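One-letter residues, chain by chain:
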Amino acid sequence: LPQSADMSAAGNLRSEDQFLCSICLDVFTDPVSTPCGHNFCKTCISQHWDMNQSCKCPMCNETFNIRPQLRVNTFISEQMIQKRRLKIQEITESVFTALKESVERRLKKFIKEIEDKQEATEKQAEGLIKDLEQEISELMERSSEVEQLSRSEDHLHLLQSFSSLKAPPSKDWTEVRVHPPSYEGTVVRAVAQLDETVWKYMNDLFEAELQRVQQYAVDVTLDPDTAQTNLILSDDGKQVYCGDVRKKLPDNSERFSHCAIVLGEQSFSLGRFYFEVQVKGKTKWDLGVARESINRKGEITLSPQDGFWTVGLRNGNEYKKVGVFVDYEEGLVSFYDVGAAALIYSFTGCSFTHKLHPFFCPSLSYCGKNSAPLIICPVNQTTSTTDFI
């Protein structure tokens, strides 16, 4: 490589190293800074200090007599965000460039088919015109000969000459037609191929997007203190369904009093997070996130104005597993059909100023038709976070 390329590559490596934690050797998750100025994942440095008697910096070995209060390094976090956004843009542009080239190739093929059909039709018409002109020429020649013979007064010569005349053309042209080329089949086929191409690329794009957001998977458990008294939670806090009998539980301020709702124990006030919920077998449910300060008593309206960003299904069994993704700073809440790797809906331009909790509403049982539980599932991650740096 030229020297300039070598220097550029080295610079890129150094740039990437800035986003790697020296403990886990992976991209920062919630990057924090120690008083000595070194950066680590919040979990990594916390566990490192938990396992050691003294709080030392793993990089420079500086010892802290009092365990430092760790805070997220917003500067690194916002660089990291920008690099990911640029990578998303790069991936999106490459996908659509490939789509554009594919569509252009198919359009050229489609136009070539039309031109070939048109050319074949024109050649057919030219052939028929040539035959007609030849017959016209022959008929005019015969007509001239007949006219000359008609002037002869020698009847015997007239009869002998007439019998020797060339027979007139006998082709019947009344049914001969030049049918204009039909492009209907070609157009239908071309449109179907283009539609298939576009959908394939769109599906690839959605699949890449789903894989990207799955990198922000968090462990979510249900908070029993928020569960309405008809709800039955599993011991591991991963499943919930609605029972027919209200349990006698304390009417604490966190608990929903009327609607069959339960929140996740975990709260989020920065960054991105993602979780998946199995909805298979259910005909009615609501999922999403809710502001911690929402009203939990009496009737509730699920709307962003009231602090709820949710989607729900009514009278159907359309989905098996739903993914919920939140970008707090971006003000984005997106819902994915995990099985189809397709986007269901997105709330954009949201303004989050409070803690957000995962939101679950399994709805009523309806005589067993909707008795299946909502199940918080582990996320099957298929790519590494560094693929999107």
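Residues numbered from 1 in each chain as written. Predicted model: local features only at pLDDT ≥ 70, side-chain atom pairs only at ≥ 80, totals over all residues. Heavy atoms only, no water.

- You'll find the protein chain entered in an unreviewed UniProt entry as B30.2/SPRY domain-containing protein, with Maylandia zebra given as the organism.

### Topic: unusual backbone geometry
Here's step 1: Positive phi, close to 65°, is recorded for asparagine 61, a residue that is not glycine.
Here's step 2: Relative to the helices and strands, asparagine 61 resides in the loop between strand 3 (55-56) and strand 4 (63-64).
Here's step 3: Since its relative accessible area comes to 52%, asparagine 61 is described here as exposed.
Here's step 4: Unusually for a residue other than glycine, alanine 341 sits at a positive phi of about 50°.
Here's step 5: Assignment of secondary structure puts alanine 341 in the loop between strand 12 (332-337) and strand 13 (342-347). (Helix = DSSP H or I, 4+ residues; strand = E, 2+ residues; numbered from the N terminus. Buried < 20%, exposed > 50% of the residue type's maximum accessible area, 1.4 Å probe, protein only.)

### Topic: the environment of leucine 25
Here's step 1: In this fold, leucine 25 is placed in the loop between helix 1 (3-17) and strand 1 (31-33).
Here's step 2: Among the residues examined, leucine 25 registers a relative accessible area of 65% and is labelled exposed.
Here's step 3: Taking the C-alpha atoms as reference, leucine 25 lies 9.9 Å from cysteine 41; in sequence the two are 16 residues apart.

### Thoughts on the nonpolar core
Among soluble globular proteins, nonpolar side chains are generally buried collectively.
Here's step 1: Ranked by size, the top nonpolar core spans 33 residues in total, and within it Trp285 and Phe360 carry the most contacts.
Here's step 2: In this structure, tryptophan 285 is in contact with Val279, Val311, Gly312, Leu313, Arg314, Tyr319, Val322, Cys361 and Leu374, ignoring residues within four places of it in sequence.
Here's step 3: Membership of the second largest hydrophobic core comes to 12 residues, among which are Cys21, Phe28, Cys41 and Cys55. (Core = buried A, V, L, I, M, F, W, Y, C linked by side-chain atoms within 4.5 Å. Contact = heavy atoms within 4.5 Å.)

### Notes on the environment of glutamate 299
Here's step 1: Mapped onto the elements, glutamate 299 comes out in the loop between strand 9 (284-291) and strand 10 (308-314).
Here's step 2: When the C-alpha positions of glutamate 299 and serine 257 are compared, they lie 8.7 Å apart, and in sequence the two are 42 residues distant.
Here's step 3: The contacts of glutamate 299, once residues within four sequence positions are left out, are His258 and Cys259.
Here's step 4: There is a polar contact of 2.8 Å between the side chain of glutamate 299 and the side chain of histidine 258. (Polar contact = N/O pair within 3.5 Å; in protein donor to acceptor, adjacent residues only side chain to side chain.)

### Describing the side chain of histidine 357
Here's step 1: Counting through the fold element by element, histidine 357 comes out in strand 14 (residues 356-361).
Here's step 2: By relative accessible area, which is 8% here, histidine 357 ends up buried.
Here's step 3: Setting aside chain neighbours within four positions, we find histidine 357 in contact with Leu263, Gly264, Glu265, Gln266, Ser267, Gly288, Val289, Ala290 and Glu292.

### Here we look at a nonpolar patch on the surface
Here's step 1: A cluster of nonpolar residues, Leu132, Ile136 and Met140, forms a patch on the protein surface that exposes about 290 Å² of accessible area.
Here's step 2: Inspection of the secondary structure puts isoleucine 136 in helix 3 (residues 74-150). (Patch = residues over 30% accessible without salt bridge, like charges linked within 9 Å, V, L, I, M, F, W, Y side chains within 5 Å. Areas by Shrake-Rupley, 256 points an atom, 1.4 Å probe, with all protein chains shown as cover. Salt bridge = Lys/Arg side-chain N within 4 Å of Asp/Glu carboxyl O.)

### Structural notes on the sheet that holds strand 13
Here's step 1: Spatially, 7 strands are ordered 5-6-15-8-11-12-13 in an open sheet, and the strand pairing comes out antiparallel. Looking at strand neighbours, the two that pair on one side only are strand 5 (231-233) and strand 13, the edges of this open sheet. Strand-to-strand twist across the sheet, computed as the mean angle between neighbouring axes with direction ignored, equals 20°.
Here's step 2: With 3 bridges connecting them, strand 8 (residues 272-278) and strand 15 (residues 374-377) associate as antiparallel partners. If you follow valine 277 over to strand 15, its bridge partner there is isoleucine 376. (Pairing = 2+ DSSP bridges. Axes fitted to C-alpha atoms, helices over the stretch in contact; angles between N-to-C directions.)

### Some details on the pattern of salt bridges
Working definition: two side chains of opposite charge can pair if their charged atoms are close together.
Here's step 1: In this structure the tally under the stated criterion is 8 salt bridges.
Here's step 2: Between aspartate 116 and lysine 112 there is a salt bridge; the shortest N-O distance is 3.0 Å. On the criterion of helical spacing, the pair formed by aspartate 116 and lysine 112 is a turn pair, its members being 4 residues apart in helix 3.
Here's step 3: Given the relative accessible area of 43%, lysine 112 is considered partly exposed.
Here's step 4: The closest approach of N and O atoms between arginine 212 and glutamate 209, which form a salt bridge, is 2.9 Å. Placement of the pair is arginine 212 and glutamate 209 together in helix 5 (residues 184-214), with a separation of 3 residues, close to one helical turn.

### Comments concerning the pairing of strand 13
Here's step 1: Across 5 bridges, strand 12 lies against strand 13 in antiparallel orientation. Note that in strand 13 the partner of aspartate 337 across the bridge is alanine 342.
Here's step 2: Counted between consecutive antiparallel strands, the loop separating strand 12 from strand 13 contains 4 residues, among which alanine 341 sits at a positive phi close to 50°.

### A few points about the confidence of the model for the protein chain
Here's step 1: Of the residues in the protein chain, 77% reach a pLDDT of 70 or more, and the chain-wide mean stands at 82.
Here's step 2: Confidence over residues 1-15 falls short of pLDDT 50; this stretch has 2 contacts with residues more than four positions distant or in other chains.
Here's step 3: Below a pLDDT of 50 lies the segment residues 383-389, which in the model reaches 22 contacts outside its immediate sequence neighbourhood of four places, other chains included. (pLDDT = per-residue confidence, 0-100.)

### Description of helix 2 (residues 42-50)
Note: α-helices contain 3.6 residues per turn, so residues at a spacing of three or four share the same orientation.
Here's step 1: Of all the positions in helix 2, only Cys44, Ile45, Ser46 and Trp49 are classed as buried.
Here's step 2: Check the buried side of helix 2 and you find it contacts strand 1, strand 2 (39-41), strand 3 and strand 4.

### A few points about the pairing of strand 6 (residues 239-242)
Here's step 1: Residue alternation in strand 6 divides its side chains into a buried set, Val240 and Cys242, and an unburied set, Gln239 and Tyr241.
Here's step 2: Here strand 5 runs beside strand 6; their pairing, made up of 3 bridges, is antiparallel. Residue pairing for strand 6: isoleucine 232 is matched across the bridge by tyrosine 241.
Here's step 3: The antiparallel hairpin formed by strand 5 and strand 6 contains 5 residues in its connecting segment, where glycine 237 sits at a positive phi of about 70°.

### Focus on the sheet that holds strand 14
Here's step 1: The 4 strands lie next to each other as 7-14-9-10, forming an open sheet whose pairing is antiparallel. The outermost strands of the open sheet, each flanked by one partner alone, are strand 7 (262-263) and strand 10.
Here's step 2: Bridge analysis of strand 9 against strand 10 gives 7 bridges, and the strand direction is antiparallel. Directly across from alanine 290, in strand 10, lies its bridge partner phenylalanine 308.

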